[in-house]
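Chains, contacts and geometry: an overview
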Amino acid sequence: MTDLRELYQQVILDHTKKPRNFHEMANATHHAEGYNPLCGDRVTVYLLVDGDTITDVSFTGSGCAICTSSASLMTQSLVSKKIDEATQLFGTFRDLVMGNVEADQTIDELDRLAVFTGVREFPMRVKCATLPWHTMKEALTGGAATISTE
Ligand code: ZN
């Protein structure tokens, strides 16, 4: 388990230092801003949706390591997913970080997102990890206003 934790921390660190898909998207069909006042995380998520398929995802903003790495991994996970698959993935991810399901029950579906399993030990950090996902969902449902985790 120690080795796995170290691996997870390396992945989180890597995505914090070099966030993937970290840019604005001029041709985005959907976007929303999210704010987590508990930590000060701010994130804007951009989506390019074609029919019911997400074809591109990016984000900008400034957040803590958990928020930034979660947004980075989320963008990678959502490309070429259907909208209902993205919503389902969010549900599973939220269950994982809140400790509602065990990691080994979700590993197939979540793949690399399982690196956030340890967040459940830090309840304050759950909102950091889920903020990009809440923001993605808000963008998909059409709201343009800034959402808050409060
Ligand atoms: Zn945070």
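Our subject in this report is the structure included herewith. Since this is a predicted model, take the numbers as computed values, not measurements.

1. With respect to the overall build of the protein chain
Each helix and strand counted, the protein chain has 5 helices and 4 strands in total. For the protein chain, the succession of helices and strands along the chain, N to C, is α-β-β-β-α-α-α-α-β. For 150 residues, the compact-globule estimate of 2.2 N^0.38 gives 15 Å, and the C-alpha radius of gyration of the protein chain, at 14 Å, lies within 12% of that figure. Dimensions of the protein chain, computed from C-alpha atoms along their principal axes, come out at roughly 45 × 30 × 25 Å. Counting only residues that meet the buried cut, the protein chain has 42% of its 150 residues in that class. Looking at the protein chain alone, contacts between residues at least 24 apart form 59% of all its contacts between residues at least 6 apart. Of the roughly 7700 Å² of accessible surface on the protein chain, a fraction of 49% belongs to carbon and sulfur atoms. Between the mean site of the 13 positive side-chain charges and the mean site of the 20 negative ones, the protein chain shows a separation of 5 Å.

2. As for the environment of asparagine 36
Its location among the elements puts asparagine 36 in strand 1 (residues 30–36). Each C-alpha atom of the pair asparagine 36 and tyrosine 8 lies 23 Å from the other, and the pair is 28 residues apart in sequence.

3. Considerations on the packing of helix 3 (residues 83–98) against helix 5 (residues 123–140)
The contact between helix 3 and helix 5 brings their axes to 10 Å, and the two run at 165°. Our classification of the angle between helix 3 and helix 5 gives roughly antiparallel. In this structure, helix 3 crosses over helix 5, and the sense of that crossing is left-handed. Contact residues: Ile83, Ala86, Thr87, Leu89, Phe90, Phe93, Arg94, Val97 and Met98 in helix 3; Val126, Ala129, Thr130, Trp133, His134, Met136, Lys137 and Leu140 in helix 5. Of the residues contributing to the contact of helix 3 with helix 5, the split by class is 12 nonpolar, 3 polar and 2 charged.

4. What about the packing of aromatic side chains?
Here the structure, examined in full by the defined rule, presents 4 aromatic pairs. Seen in terms of ring centroids, phenylalanine 22 and phenylalanine 59 are 5.0 Å apart; in terms of plane orientation they differ by 70°. Their pairing is edge-to-face. On the criterion of sequence distance, the pair formed by phenylalanine 22 in the loop between helix 1 (2–17) and strand 1 and phenylalanine 59 in strand 3 (residues 53–62) is long-range, its members being 37 residues apart. Under the relative-accessibility criterion, phenylalanine 22 is labelled partly exposed at 40%.

Parameters at a glance
- Residues numbered from 1 in each chain as written.
- Predicted model: local features only at pLDDT ≥ 70, side-chain atom pairs only at ≥ 80, totals over all residues.
- Heavy atoms only, no water.
- Helix = DSSP H or I, 4+ residues; strand = E, 2+ residues; numbered from the N terminus.
- Rg over C-alpha atoms; globule rule 2.2 N^0.38 Å.
- Buried < 20%, exposed > 50% of the residue type's maximum accessible area, 1.4 Å probe, protein only.
- Contact = heavy atoms within 4.5 Å.
- Areas by Shrake-Rupley, 256 points an atom, 1.4 Å probe, with all protein chains shown as cover.
- Lys, Arg positive; Asp, Glu negative; His and termini not counted.
- Charge placed at Lys NZ, Arg CZ, Asp CG, Glu CD.
- Axes fitted to C-alpha atoms, helices over the stretch in contact; angles between N-to-C directions.
- Parallel < 35°, antiparallel > 145°, perpendicular 65-115°, else oblique.
- Left-handed = near helix turned anticlockwise from the far one by under 90°.
- Nonpolar A, V, L, I, M, F, W, Y, C, P; charged D, E, K, R; others polar.
- Phe/Tyr/Trp six-rings, centres within 6.5 Å; stacked < 30°, edge-to-face > 60°.

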